[in-house]
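Geometric and topological summary
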There are 2 protein chains.
Amino acid sequence: MRDFSKDHRWLSLNTATVRHQGDLVAIVDACARAGIRAIDPWRDQVAAIGLDRAVRLVRDAGLDLSGYCRGGMFPADPGLRAVVRDDNRRAVDEAKALNAPCLVLVVGGLPQYSRPGSVPSKDIARARAQAEEGIAELLEYAAGVGMRLSIEPLHPAYAADRACVSTMCQALDICDRLDPEKSGRLGVAIDVYHVWWDPDLIAQIRRAGKNRIHAFHVCDWLVPTRDLLNDRGMMGDGIIDIPSIRAVVEAEGFDGYSEIEIFSNDWWTKPMGDVIATCIARHRGSV
Amino acid sequence: MRDFSKDHRWLSLNTATVRHQGDLVAIVDACARAGIRAIDPWRDQVAAIGLDRAVRLVRDAGLDLSGYCRGGMFPADPGLRAVVRDDNRRAVDEAKALNAPCLVLVVGGLPQYSRPGSVPSKDIARARAQAEEGIAELLEYAAGVGMRLSIEPLHPAYAADRACVSTMCQALDICDRLDPEKSGRLGVAIDVYHVWWDPDLIAQIRRAGKNRIHAFHVCDWLVPTRDLLNDRGMMGDGIIDIPSIRAVVEAEGFDGYSEIEIFSNDWWTKPMGDVIATCIARHRGSV
């Protein structure tokens, strides 16, 4: 396992972590000053300053991307399918323009949450089928432009409204069906927050292997968790044994960035520089 | 599948559903008046009026029990193991005195939450091993007095602090190891709130079979969920397709009570009679 204690060269900042403290320009500037070498920006943050400007910004700062957030939200009424398809193709194009290594997919939950305006449904099996159809269709397009797709299983607490793919096993089953050659163009983004609880986690990381481990995200699970979406913890403040998960991921050959993604009503109230300084310290000591 | 639309003879009320509106005496009285035939009481509610009085109360009201809540919370420091063992044996004895068909087990999470005072740990694999050891030990005692033990997998959102057994598959793996003869003395309590999201749910219900399905609990998953523990929904108000899960459970031969267990800051503020009337209506229409 790589030694993170001496520097933060393998730290990437998911820009949602400081989304309330500044726009992408301010975030890139702060990262550059802190010696952070990589980010994972969100589409709305890119759109807010314009794609062309974002491309120049990232290039001029000499930043790598560890991913691009995000495509997905596939389950939808038939009348919305073209919107979903075009939206996701644009996400692939943006990822390509930004030179991202992969597009992270949050596949969506039930259609009324995935794509508002869809008829309410309780049929999660159908949502799963729609998600897989959507991934299959997008995979062709993404292959055409040379962009990898990374399915991110989300914690089962989000199964209804954000991702009906809740486990590594489900995500890898989809990979097996859609990319049986294990080409690596379809893989997973492993976020410890979403998968730490899974008794099958270690076996599934090994099953994924280097080709399918596209990204590794860290934050921490707080007890108590006061908000289902936005009370994620800084690494070290919760109960996830992050180093032991990273050890398994790296044993498979993963040698990319360790990306910090924290949705937190608490951390969003603190100055950007303080949050970034804390991220760097915890990356060295708790990841 | 049984037709619930005509009456509520198969409704059981988990008494936590109205725990803030009255003591066990008041709850039993309200159930009797509403024609409810079964309850599942909690240990603290029994203790509050005394075990002997609770036994007479339930018997005089002619109520069945659909279970007794709860044993478990096994992970603990070595110095607390005797406390854990004795506490769980008392739970078995109380269940027996109350003529419950089974003792529901919430196995506990990390030791510092399962048994406060234990040294903080992030080792969930170790917690799982301790939970299984605890179940194994209690199973011998329970067999001696003729009480079934029912492992309740809890939603992965509770893996850290309440139950490191998060899926039906985990629970049934434990059953296979500790009761390979499938005698039925060890089984599962299936609560739709905890397992609805699981892509493997239907297969695991079939795997459990009649002998191991000891209890069936219902409520609903609300979107958004505003409190991780106490924002569970009345059946029909959320997104769980309860009838489709009940159909699979009953196809395995389960013919017991459908137990309503709702932890809800909202419903706890309403008059007990109103909550019970709503439970009855939703049992007929949304279960």
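Residues numbered from 1 in each chain as written. Chains lettered and ligands numbered in written order. Predicted model: local features only at pLDDT ≥ 70, side-chain atom pairs only at ≥ 80, totals over all residues.

1. Description of the overall build of chain A
To be explicit about the condition: What counts as a helix is a DSSP run of H or I of at least four residues, what counts as a strand is a run of E of at least two, and both are numbered from the N terminus. Our radius of gyration is a C-alpha quantity, and the globule rule it is checked against amounts to 2.2 Å times the number of residues to the power 0.38. To sort residues by exposure, count the other C-beta atoms lying within 10 Å of each residue's C-beta; 20 or more gives buried, 12 or fewer gives exposed, and values between give partly exposed, all with C-beta atoms placed from the backbone. Throughout, a residue-residue contact means that the two C-beta atoms, derived from backbone geometry, are no farther apart than 7 Å.
A count of helical and extended segments in chain A gives eleven helices and nine strands. Relative to the globule expectation of 19 Å for 287 residues, the C-alpha radius of gyration of chain A, 18 Å, shows essentially globular dimensions. Taken along the three principal axes of its C-alpha coordinates, chain A extends 50 × 45 × 40 Å. Out of the 287 residues in chain A, the part that is buried amounts to 52%. In chain A, the share of contacts with a sequence separation of at least 24, taken over all contacts with a separation of at least 6, comes to 79%.

2. Quick word on the relation of the copies chain A and chain B
The second copy of the chain is related to the first by a rotation about an axis and a shift along the axis. For clarity, the threshold we go by: The copies are overlaid by a least-squares fit using only the C-alpha atoms of residues whose pLDDT is at least 70 in both copies.
Taken as rigid bodies, chain A and chain B are interconverted by a rotation of 180 degrees and an axial shift of 0.0 Å, the fit giving an RMSD of 0.0 Å. Both chain copies can therefore be described as sitting about a two-fold axis. A high fraction, 100%, of the interface residues of chain A reappear at the interface in chain B, so the copies pair face to face through one surface.

3. Quick look at the sheet that holds strand β9 (residues 258–260) of chain B
All names here are of chain B. Rules: Here a strand pair is declared whenever DSSP counts at least two bridges between the two strands.
Across the sheet, which stays open at both edges, the nine strands sit in the order β3-β2-β1-β9-β8-β7-β6-β5-β4 with parallel pairing between neighbours. The sheet is open, and its two edges are formed by β3 (64–65) and β4 (68–72), each paired on a single side. Bridge count between strand β5 (residues 102–106) and strand β6 (residues 148–151): four bridges; the pairing is parallel. If you follow leucine 105 over to β6, its bridge partner there is isoleucine 151.

4. Quick word on unusual backbone geometry
Residue and element names in this part refer to chain A. The linkage connecting valine 223 with the following residue, proline 224, adopts the cis geometry, with an omega of 0 degrees. Relative to the helices and strands, proline 224 is located in the loop between β8 (213–218) and α10 (242–251). A positive phi angle is found at lysine 182, which is not glycine, with a value near 55 degrees. Within the secondary structure, lysine 182 is located in the loop between α7 (168–178) and β7 (186–191).

5. Things to note about the environment of Val18(A)
Position of Val18(A) among the secondary structure elements: in the loop between β1 (11–14) and α1 (24–33). For Val18(A), the contacting residues outside a window of four places in its chain are Ile27(A), Met272(A) and Val275(A).

6. What to know about the sheet that holds strand β3 (residues 64–65) of chain A
All names here are of chain A. Stated precisely, the cut-off is as follows: Helix axes are fitted to C-alpha atoms over the stretch in contact, other axes to C-alpha atoms as well, and angles between N-to-C directions run from 0 to 180 degrees.
Across the sheet, which stays open at both edges, the nine strands sit in the order β3-β2-β1-β9-β8-β7-β6-β5-β4 with parallel pairing between neighbours. In this open sheet, the two strands that pair with only one neighbour each are β3 and β4 (68–72). Of the pairings in the sheet, the one linking β1 to strand β2 (residues 38–40) comprises three bridges and is parallel in character. Note on β2: the bridge partner recorded for serine 12 is alanine 38. The strands touched by α10 are β7, β8 and β9 (258–260); relative to β8, the strand with the most contacts, the crossing angle is about 170 degrees. Along the sheet, helix α11 (residues 272–286) makes contact with β1 and β9, crossing β1 at roughly 140 degrees.

7. Things to note about the pairing of strand β6 (residues 148–151) of chain A
Residues and elements named next belong to chain A. This is how the line gets drawn: Handedness rule for crossovers: strands pointing away from the viewer, path from the first strand over the helix to the second running clockwise, crossover right-handed.
Side-chain alternation along β6 places Arg148 and Ser150 on one buried face and Leu149 and Ile151 on a second face that is also buried. Relative to β7, β6 is paired through three bridges, and the arrangement is parallel. Within β7, the residue paired with isoleucine 151 across the bridge is valine 188. After leaving β6, the chain enters α7 and then returns to the sheet as β7, a path that is right-handed.

8. Here's the deal with the packing of helix α4 (residues 81–97) of chain A against helix α6 (residues 124–145) of chain A
Residues and elements named next belong to chain A. Worth spelling out the cut-off: Left-handed is the label given to a crossing in which the near helix is rotated counterclockwise from the far helix by less than a right angle, and right-handed is the label when the rotation is clockwise. Here the nonpolar group is Ala, Val, Leu, Ile, Met, Phe, Trp, Tyr, Cys and Pro; Asp, Glu, Lys and Arg are the charged ones; every other residue, Gly included, is treated as polar.
Where α4 meets α6, the closest approach of the two axes is 10 Å, and the angle between their N-to-C directions is 35 degrees. Where α4 crosses over α6, the two elements pack in a sense that is right-handed. Across the interface between the two elements, Val84, Arg85, Asn88, Arg89, Val92, Asp93 and Lys96 of α4 pack against Gly134, Glu137, Leu138, Tyr141, Ala142 and Val145 of α6. Along the lines of polarity and charge, the residues of the contact of α4 with α6 split into six nonpolar, two polar and five charged.

9. As for α11(A)
Since the α-helix turns once every 3.6 residues, residues separated by three or four places project in the same direction. Residues and elements named next belong to chain A. Keep this limit in mind: Expected helix span is taken as 1.5 Å per residue step, with the number of steps being one fewer than the number of residues. Directions from the helix axis toward the C-beta atoms define the arc.
In a regular helix each residue adds 1.5 Å, so 15 residues correspond to 21 Å; α11 covers 20 Å between its end C-alpha atoms and thus fits that length. Taken together, the buried positions of α11 are Val275, Ile276, Cys279, Arg282 and His283. Buried residues of α11, seen end-on, are gathered within an arc of 130 degrees and therefore sit on one face of the element. Those residues of α11 that are exposed and aimed more than 90 degrees away from the buried face are Asp274 and Gly285. In this structure, the buried side of α11 is in contact with β1, α1 and β9.

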